[in-house]
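The residues making up each chain are set out below.
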Amino acid sequence: MTHRKLQPGKLVIASHNAGKVREIRVLLAPFGIEPISAGELGLPEPEETGTSFAENALLKAHASAQGSGLPALADDSGLCVAALGGAPGVYTADWAETQKFEGGPGRDWYMAMGKVEGKLAELGTDTDRSAYFVCTLALAWPDGHTEIFEGRVQGGLTWPPRGLLGFGYDPVFVPEGRSVTFAELDPAEKHAMSHRADAFRQLVATVFS
Ligand code: IMP
């Protein structure tokens, strides 16, 4: 299959997650790309009905490319815990879902981290605490062409949560070879080693070089 290059210009970031959009903007800054988020364009957020990271990323990228007439980049990511058979996996964001109320956030990451910890605790004190983050990036053009990349970062889960930086499950994730959590790391350091960085390295090598 021939890979397609991404030309400088506008690119829709098919995400309504401010944390992700912020990280993706930083990662794309050197390539002459003008990122605009799907939220800024008022594009609807499709339901993530896929059962794999790739399916969900493609769903979001296609919806934004078709809705905007511009190339679109979607990220589907999540935390996979070995002892939980890869859960929460594609349901990582769902585990944070709370009852939505007017003006309320709808997602509670501390509750979600507590859920993961609760399930590990049920398995006993000497349970394997290894986990990895996955990031699947799907790049879609309005004519239907797609490119897809998957990145990972291996690590382990700590409890209680530590650190105030980053987003999502960062306060419980300790990357392999380090003793601090992603939420305690300087953002530049996280960007250099994260699952998103790994997927972006592959994207850059394929569509920008
Ligand atoms: P989705 O890709 O929008 O379905 O959401 C995946 C969820 O995984 C996010 O909302 C975060 O909670 C979690 N996640 C993905 N990447 C990271 C990360 O870099 N740090 C912490 N949590 C993450």
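Heads up: these notes are all about the structure in this document.

Rules behind the numbers
Residues numbered from 1 in each chain as written. Predicted model: local features only at pLDDT ≥ 70, side-chain atom pairs only at ≥ 80, totals over all residues. Heavy atoms only, no water. Near = heavy atom within 4 Å. Polar contact = N/O pair within 3.5 Å; in protein donor to acceptor, adjacent residues only side chain to side chain. Areas by Shrake-Rupley, 256 points an atom, 1.4 Å probe, with all protein chains shown as cover. 1 Å grid on protein atoms, 1.4 Å probe; cavity = no way out; pocket = protein on both sides within 12 Å on 5 of 7 lines; lining within 4 Å. Sits in = over half its atoms within 2 Å of the grid points. Helix = DSSP H or I, 4+ residues; strand = E, 2+ residues; numbered from the N terminus. Nonpolar A, V, L, I, M, F, W, Y, C, P; charged D, E, K, R; others polar. Buried < 20%, exposed > 50% of the residue type's maximum accessible area, 1.4 Å probe, protein only. Pairing = 2+ DSSP bridges. Points joined across faces, edges and corners; volume = space filled by probe spheres on them. Phe/Tyr/Trp six-rings, centres within 6.5 Å; stacked < 30°, edge-to-face > 60°.

We now examine the site of the ligand. Around the ligand, the structure places 19 residues, and the nearest of them are Lys20, Ser77, Trp109, Asp170 and Lys190. One of the side-chain N or O atoms of glutamate 48 is found 3.1 Å from an oxygen atom in the ligand. Between the ligand and lysine 190, the relevant distance is 2.8 Å, taken from an oxygen atom to a side-chain nitrogen or oxygen of the residue. Within the complex, the protein chains bury 97% of what would otherwise be the 490 Å² of accessible surface of the ligand. Using a 2 Å cut-off from the grid points, one finds that the ligand occupies the largest pocket. Those elements that place two or more of their residues in the shell around the ligand are β3 (72-81) and α5 (195-208). It is β3 that contributes the most residues to the shell around the ligand, four residues altogether. In terms of residue class, the shell around the ligand is made up of five nonpolar, six polar and eight charged.

The buried fraction of strand β4 (residues 130-140) is high, at nine of eleven residues. Taken together, the ten bridges between β3 and β4 define a ladder with antiparallel strand orientation. Paired with aspartate 75 across the bridge in β4 is leucine 137. Pairing between β4 and strand β5 (residues 146-157): eleven bridges, direction antiparallel. Its bridge partner being in β5, serine 130 is matched across the sheet by glycine 156. Here β4 hands over to β5 after five residues, with glycine 144 in that stretch at a positive phi of 100°.

This paragraph deals with empty space enclosed by the protein. Inspection of every chain in the model, using the stated rule, returns one cavity of 30 Å³ or more. Space inside the largest cavity adds up to approximately 30 Å³. In terms of lining, the largest cavity is formed by Met113, Val116, Glu117, Leu120, Arg129, Leu157, Thr158, Trp159 and Val172. Looking at the lining of the largest cavity, the element that brings in the most residues is helix α3 (residues 109-122), giving four residues.

The next thing to look at is the packing of aromatic side chains. A full pass over the atoms with the stated rule returns five aromatic pairs. Each ring, one from tryptophan 109 and one from tyrosine 169, has its centre 5.7 Å from the other, and the planes form 65°; the classification is edge-to-face. Of this pair, tryptophan 109 sits in helix α3 while tyrosine 169 is found in the loop between β5 and β6 (173-175), placing the two residues 60 residues apart along the sequence. Judged by its relative accessible area of 25%, tryptophan 109 falls in the partly exposed class. Considering the side-chain rings of phenylalanine 173 and phenylalanine 182, the 5.1 Å spacing of their centres and the 55° angle between planes classify their relative orientation as tilted. Here phenylalanine 173 falls in the buried class, since its relative accessible area comes to 0%.

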